[in-house]
Amino acid sequence: MTSNCRRPEHTAPPEVYYNEVEAKKYSQNSRMIEIQTQMSERAVELLNLPEGQPCFLLDVGCGSGLSGDFLSEEGHFWVGVDISTAMLDVALDREVEGDLLVGDMGQGMPFRAGTFDGCISISALQWLCNADKRSHSPPKRLYTFFSTLYSSLSRGSRAVFQLYPENSEQLELITTQAMKAGFGGGMVVDYPNSTKAKKFFLCLFAGITGALPKALGLETSDRAASNQVQYSGQRSRFKNMKGKSVKKGRDWIFEKKERRRRQGREVRADTKYTGRQRRTTF
């Protein structure tokens, strides 16, 4: 881990950096969408949720709702918090199924105690280590966030953060404030011997502590890990489907509409044309 002057958090505050231009990339760039989805899958796997049971989850730094899409596909209900209104506008345009809230994670989570069964966050936590204003103190903002998050989680649940730490000092700052707020747990580093595939996940336990989940790619070399991350990602995608319909297929559309009806949303009636395959036009 080395400092990089081109890191986004060194460029501008998150609400400024993630403007309309940057936000559109998260709905149009297929590579970004694929990476976000893969990291969301891994984060949910580390949550260790009860199988076959819908849960109420919090997505911190939800952005355009890509991670929330995966939560919905898994049958969970969720609330997303993000500081960028441009990113949330993209999420609204995409008609994500979760509820969205504008908020600065450094000012704390405004939810009642024990509200959520778990929390995920993709590529957001490292922003709290930056002081964008004179009044910002990274240790205080981290502690405020972790302490209010701890309160909003049910006891025995987990919070999983995928992050891009700048250096070891930043990792220590984050974990120290999390433990100070009452969390147990620690860092899970997938593919630690690979430069490209290496991913950091802070896995926190609220209330009941346990053994940290096993990291991926511990017994592989750089080259093997680089090959394995793509292969294992493809396998886990099919493994985690658990008998669900292929995305964008007719059955998947019916299931999505039914979920939206259960949430009390207005949904068009099903007809014989719902989900039909249309001919390609030239």
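Look a little higher up for the structure.
No experiment lies behind these values; they were computed from the predicted model shown.

Asks: How would you sum up the packing of helix H2 (residues 20-28) against helix H3 (residues 30-47)? Please name residues and give values.
Replies: Running from N to C, H2 and H3 cross one another at 75 degrees; their axes reach a closest spacing of 6 Å. On the basis of the axis angle, H2 is roughly perpendicular to H3. Two secondary-structure elements touch here, H2 through Glu-22, Lys-25, Tyr-26, Ser-27 and Gln-28 and H3 through Ser-30, Met-32, Ile-33 and Gln-36. In terms of residue class, the contact of H2 with H3 is built from three nonpolar, four polar and two charged.

Asks: Report on the environment of Lys-198, specifying residues and quantitative values.
Replies: Its place among the elements puts Lys-198 in the loop between strand E6 (184-190) and strand E7 (199-205). Residue classification places Lys-198 among the partly exposed residues on the basis of a relative accessible area of 31%. In sequence terms Lys-198 and Gly-217 are 19 residues apart; their C-alpha atoms lie 9.1 Å from each other. With sequence-adjacent residues up to four places away left out, Lys-198 is seen in contact with Val-189, Asp-190, Tyr-191 and Pro-192.

Asks: Describe H2, with residues and values.
Replies: Of the positions making up H2, those classed as buried are Glu-22, Ala-23 and Tyr-26. Mapping the buried residues of H2 onto a view down its axis gives an arc of 100 degrees, with all of them on the same face. Summarising the geometry of H2, the exposed residues directed more than 90 degrees from the buried face are Glu-20, Val-21 and Gln-28. Turning to H2, the residues buried within the fold contact helix H1 (14-17), H3, helix H4 (66-73) and helix H5 (85-93). For H2, the N-terminal capping position is held by Asn-19, with its side-chain oxygen 3.2 Å away from the main-chain nitrogen of Val-21.

Asks: Which residues make up unusual backbone geometry, and what are the values?
Replies: At Asn-48, a residue that is not glycine, the phi angle is positive and equals roughly 55 degrees. Relative accessible area serves as the criterion here: at 55%, Asn-48 is assigned to the exposed category. Notably, Tyr-191 is not glycine yet its phi reads approximately 50 degrees, a positive angle. Among the residues examined, Tyr-191 registers a relative accessible area of 3% and is labelled buried.

Asks: If you had to explain the sheet that holds strand E3 (residues 99-102) to someone new, which residues and values would you point to?
Replies: As summarised here, the arrangement of the seven strands in space is E3-E2-E1-E4-E5-E7-E6, forming an open sheet in which the pairing is mixed. Looking at which strands have only one partner, the edges of the open sheet turn out to be E3 and E6. Each strand axis lies, on average, 15 degrees off the axis of its neighbour in the sheet, ignoring direction. Summarising the sheet, strand E1 (residues 56-60) and strand E2 (residues 77-82) pair through five bridges and their orientation is parallel. Bridging across to E2, Leu-57 finds its partner in Trp-78. Where helix H6 (residues 138-152) meets the sheet, its contacts fall on E1, strand E4 (116-122), strand E5 (153-163) and E7, and the angle it forms with E5 comes to roughly 140 degrees.

Asks: So what's going on with the pairing of E1? Which residues, and what values?
Replies: Burial analysis of E1 places four of its five residues in the buried class, the great majority of the element. Taking the sense of rotation as the criterion, the β-α-β connection linking E1, H4 and E2 turns out right-handed. In this structure, E1 lies alongside E4, joined through three bridges in parallel fashion. Looking at the pairing, Leu-58 lines up with Cys-119 of E4.

Asks: So what's going on with the packing of aromatic side chains? Residues and values would help.
Replies: Tallied over the entire structure, the rule returns 10 aromatic pairs. Ring geometry for Phe-146 against Phe-161: centres 5.9 Å apart, planes inclined by 85 degrees, an arrangement best described as edge-to-face. Of the two residues, Phe-146 sits in helix H6 while Phe-161 sits in strand E5, which places them 15 residues apart along the sequence. Each member of the pair, Phe-146 together with Phe-161, is buried. Seen from their ring centres, Phe-146 and Phe-183 are 6.2 Å apart, and the 75 degrees between their planes marks the pair as edge-to-face. With Phe-146 in helix H6 and Phe-183 in the loop between helix H7 (168-180) and E6, this residue pair connects regions lying 37 residues apart in the sequence. Look at Phe-183 and you get buried, because its relative accessible area is 4%. Three or more aromatic residues link up through ring pairs in this structure, and these residues are Phe-145, Phe-146, Tyr-150, Phe-161 and Phe-183. Just above the ring of Tyr-150 sits the side chain of Arg-155; from NZ or CZ to the centre is 4.3 Å. Positioned above the aromatic ring of Tyr-143 is the side chain of Lys-180, whose terminal nitrogen or guanidinium carbon lies 5.2 Å from the ring centre.

Definitions and limits used
Residues numbered from 1 in each chain as written. Predicted model: local features only at pLDDT ≥ 70, side-chain atom pairs only at ≥ 80, totals over all residues. Heavy atoms only, no water. Axes fitted to C-alpha atoms, helices over the stretch in contact; angles between N-to-C directions. Helix = DSSP H or I, 4+ residues; strand = E, 2+ residues; numbered from the N terminus. Parallel < 35°, antiparallel > 145°, perpendicular 65-115°, else oblique. Contact = heavy atoms within 4.5 Å. Nonpolar A, V, L, I, M, F, W, Y, C, P; charged D, E, K, R; others polar. Buried < 20%, exposed > 50% of the residue type's maximum accessible area, 1.4 Å probe, protein only. Arc of directions from axis to C-beta. Polar contact = N/O pair within 3.5 Å; in protein donor to acceptor, adjacent residues only side chain to side chain. Pairing = 2+ DSSP bridges. Right-handed = clockwise from strand over helix to strand, strands pointing away. Phe/Tyr/Trp six-rings, centres within 6.5 Å; stacked < 30°, edge-to-face > 60°. Lys NZ or Arg CZ within 6 Å of the ring centre and 35° of its normal.

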